[in-house]
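One letter stands for each residue in the lines below.
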Amino acid sequence: MSMNNGNGKLNRQVLVLNQNYAPLQICNVKHAIIMLYLNRVEMVESDGVMIHTVDDSFPLPTVVRVKRYIKYRDYEIVLSRKNIMRRDEFECQYCGKHDSQLTIDHVQPKRYGGKDTWENLVTACVRCNNVKGDRTPEQAEMPFRKKPKKPHYVQFLKQQIDEPIQSWKPYIFLG
Ligand SMILES: [Zn+2]
């Protein structure tokens, strides 16, 4: 399948619902179209904008739904550098700065047995990370802005939304 991507339409966000209509993830239009093509998802909502392929044209999806139910444990959020920063909204958890150079800080330093967990890893700017050094926040007198914890997937999903899409509203609370 080849598609002509005239104007970035294919990078728009699509809400993916579980088989029971619970929000599952966000993907881009291109990925959603491939999933539709492979018959893994069905179209739930569209904004009416048409997309043209070599031998077909169809409306661009804004919401799709998987055909087979996905169990909760299969969509646990992976503990990764990028996902920790997303959880922390790309903000230093000590000073609140949106620095261009963010690092990941071990709350309990590794040398004191600090683990790689959602609770023990936070986003920190280079300066705060250096100031804190190999100390705990208590020792360094650097309290968190918010206590680090494992993100809930719906919360996490919301943080990835570029701009709210009207047709998503029945499926996810956008506030
Ligand atoms: Zn900082």
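Computed from a predicted structure; not experimentally measured. (Residues numbered from 1 in each chain as written. Predicted model: local features only at pLDDT ≥ 70, side-chain atom pairs only at ≥ 80, totals over all residues. Heavy atoms only, no water.)

Quick look at the overall build of the chain
For clarity, the threshold we go by: Numbering of helices and strands runs from the N terminus; a helix is a DSSP stretch of H or I covering at least four residues, while a strand is a stretch of E covering at least two. Throughout, radius of gyration means the C-alpha value; the globule benchmark is 2.2 Å times the number of residues raised to the power 0.38. Under the scheme applied here, a residue whose accessible area is under 20% of the maximum for its type counts as buried, over 50% as exposed, and between as partly exposed, the area being computed with a 1.4 Å probe on protein chains only. For this analysis, residues touch if any pair of their heavy atoms sits within 4.5 Å. Working definition of accessibility: Shrake-Rupley area with a 1.4 Å probe, residue cover restricted to the visible protein chains. Only four residue types enter the charge count, namely Lys and Arg as positive and Asp and Glu as negative; His and the chain termini do not. A charge is said to be at NZ when it belongs to Lys, at CZ for Arg, at CG for Asp and at CD for Glu.
The helix and strand tally for the chain stands at five helices and six strands. In the chain, the order of α-helices and β-strands from amino to carboxyl end is β-β-α-β-β-α-β-β-α-α-α. In summary, the chain has a C-alpha radius of gyration of 20 Å against a globular reference of 16 Å for 175 residues, an excess of more than 25%. By principal-axis analysis of the C-alpha atoms, the chain measures approximately 65 × 35 × 30 Å. Across the 175 residues in the chain, those meeting the buried criterion constitute 39%. When contacts within the chain are restricted to residue pairs at least 6 apart in sequence, long-range pairs at least 24 apart make up 60% of them. Here the chain has roughly 10600 Å² of accessible surface; of this, 48% comes from carbon and sulfur atoms. Distance between charge centres in the chain, computed from 27 positive and 19 negative side chains, equals 3 Å.

Observations concerning the environment of Gln 25
When you line up the elements, Gln 25 lands in strand E2 (residues 23-28). Relative accessible area serves as the criterion here: at 33%, Gln 25 is assigned to the partly exposed category. Taking C-alpha positions, Gln 25 is 6.3 Å from Leu 157, a pair spaced 132 residues apart along the chain.

Some details on the coordination of the zinc ion
Our working definition: Coordination here is defined by N, O and S atoms within 2.8 Å of the metal (3.2 Å for Na, K and Ca), and since water is not considered, a site can look incomplete. Any coordination sphere not matching a tetrahedral pattern (four donors, all angles between 85 and 135 degrees) or a square planar or octahedral pattern (four or six donors, opposite donors over 155 degrees apart, other angles between 65 and 115) is reported as irregular.
Around the zinc ion, the protein contributes the donor atoms Cys 92 (SG), Cys 95 (SG), Cys 125 (SG) and Cys 128 (SG), which lie 2.3 Å from the metal centre. One can describe the site at the zinc ion as tetrahedral: its four donor atoms subtend angles covering 102 to 115° at the metal. Binding-site remark: the zinc ion is held by donors from one chain whose sequence spacing is C-x2-C-x29-C-x2-C. Placement of Cys 92 in the loop between helix H2 (81-87) and strand E5 (102-106) and of Cys 128 in helix H3 (residues 126-132) is noted, with a sequence separation of 36 residues between them. Comparing Cys 92 with Cys 128, the two get one shared label, buried.

Details of the domain arrangement of the chain
Our working definition: The domain boundaries here were taken from an automatic or database domain assignment.
Its domain assignment divides the chain into domain 1 (9-74 + 153-168) and domain 2 (81-140). For domain 1 and domain 2, the distance between their C-alpha centroids amounts to 33 Å.

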